[in-house]
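For reference, the chains in residue letters:
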Amino acid sequence: MIEVAIRAKSFAGGAVLRDIRFTVAPGEVVAILGPSGIGKSTLLRIVAGIDRDFAGEVTRPDRLGMVFQEPMLLPWRSAAANLMLVHPGLGRAGALAALTRVGIADRADLFPGQLSLGQQRRVALARALAGDPQALVLDEPFASLDPATGDEMLALTGALIAAARPATLFVTHSAAEARRLAGRVLHLGGRPATIVAGGGDA
Ligand code: ADP
Ligand code: MG
């Protein structure tokens, strides 16, 4: 279960988020939909516990996986090594199994610079899921992919989430993506941003 009750979040430049309350139950997929610059990544960083400088309360399970807006792989480590660094218990066999689930086990020994953006995003998704997370947060994981690749990634992500059933929070600026992946869509709007539609559960 993810429980979010943010009263306010500001940067030096001003207030970004205000009064954002929602919960994500285990197995539920909630999308946060909003235009670029509204505060989606800021909200996800707070939910993930990376940014603790805000007014309010957020609770999340111990095991949380995150897919960042950029794949965020170490360029000097192979795909398999990138997984093993974050999950030392996996070993090579576990890393290969995780890469198999995202369809790129044959790329395990290549470095991020030798992978397409779509393949890098698959590695990032495998890394997020490899720890068997109780909560999964995804920041525009299909952005900048060509339509066919984005579509394939969306289907793959949906299938993996359906199998593992973490509490999933998914951020996107695409209403179509939000509808396809999520059971519930929360719209962020205004400045500072708040939930302008789809809320009301918390
Ligand atoms: P989104 O992910 O919806 O595109 P962000 O959460 O990245 O939006 O950014 C929301 C707003 O907060 C933007 O105006 C951005 O410039 C500002 N912002 C984000 N991170 C920082 C930071 N570390 N310092 C100052 N301002 C920031
Ligand atoms: Mg963002």
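For the structure, check the block above.
Because the structure is predicted, anything quoted here is derived from the model rather than measured. (Residues numbered from 1 in each chain as written. Chains lettered and ligands numbered in written order. Predicted model: local features only at pLDDT ≥ 70, side-chain atom pairs only at ≥ 80, totals over all residues. Heavy atoms only, no water.)

**A few points about the site of ligand 1**
Thought 1: Around ligand 1, the surrounding shell consists of Phe11, Val16, Pro35, Ser36, Gly37, Ile38, Gly39, Lys40, Ser41, Thr42 and Arg45.
Thought 2: At a separation of 3.3 Å, an oxygen atom of ligand 1 approaches a polar backbone atom of isoleucine 38.
Thought 3: Threonine 42 has a polar side-chain atom sitting 2.6 Å from an oxygen atom of ligand 1.
Thought 4: Notes on ligand 1: free accessible area 560 Å², of which the protein chains cover 59%.
Thought 5: Counting residues per element, the shell around ligand 1 draws most heavily on helix α1 (residues 40-48), at four residues.
Thought 6: For the shell around ligand 1, a count of residues per class yields four nonpolar, five polar and two charged. (Near = heavy atom within 4 Å. Polar contact = N/O pair within 3.5 Å; in protein donor to acceptor, adjacent residues only side chain to side chain. Areas by Shrake-Rupley, 256 points an atom, 1.4 Å probe, with all protein chains shown as cover. Helix = DSSP H or I, 4+ residues; strand = E, 2+ residues; numbered from the N terminus. Nonpolar A, V, L, I, M, F, W, Y, C, P; charged D, E, K, R; others polar.)

**Quick look at the pattern of salt bridges**
Thought 1: For the structure on display, the rule yields nine salt bridges.
Thought 2: A salt bridge links glutamate 140 to lysine 40, with the nearest nitrogen and oxygen atoms 3.7 Å apart. With glutamate 140 in the loop between β6 (135-139) and α5 (147-164) and lysine 40 in helix α1, this residue pair connects regions lying 100 residues apart in the sequence.
Thought 3: The exposure class assigned to glutamate 140 is buried, which follows from its relative accessible area of 7%.
Thought 4: Between arginine 92 and aspartate 109 there is a salt bridge whose closest N-O contact spans 3.1 Å. Of the two residues, arginine 92 sits in helix α3 (residues 91-101) while aspartate 109 sits in the loop between α3 and α4 (117-130), which places them 17 residues apart along the sequence.
Thought 5: When its relative accessible area of 39% is taken as the criterion, arginine 92 is described as partly exposed. (Salt bridge = Lys/Arg side-chain N within 4 Å of Asp/Glu carboxyl O. Buried < 20%, exposed > 50% of the residue type's maximum accessible area, 1.4 Å probe, protein only.)

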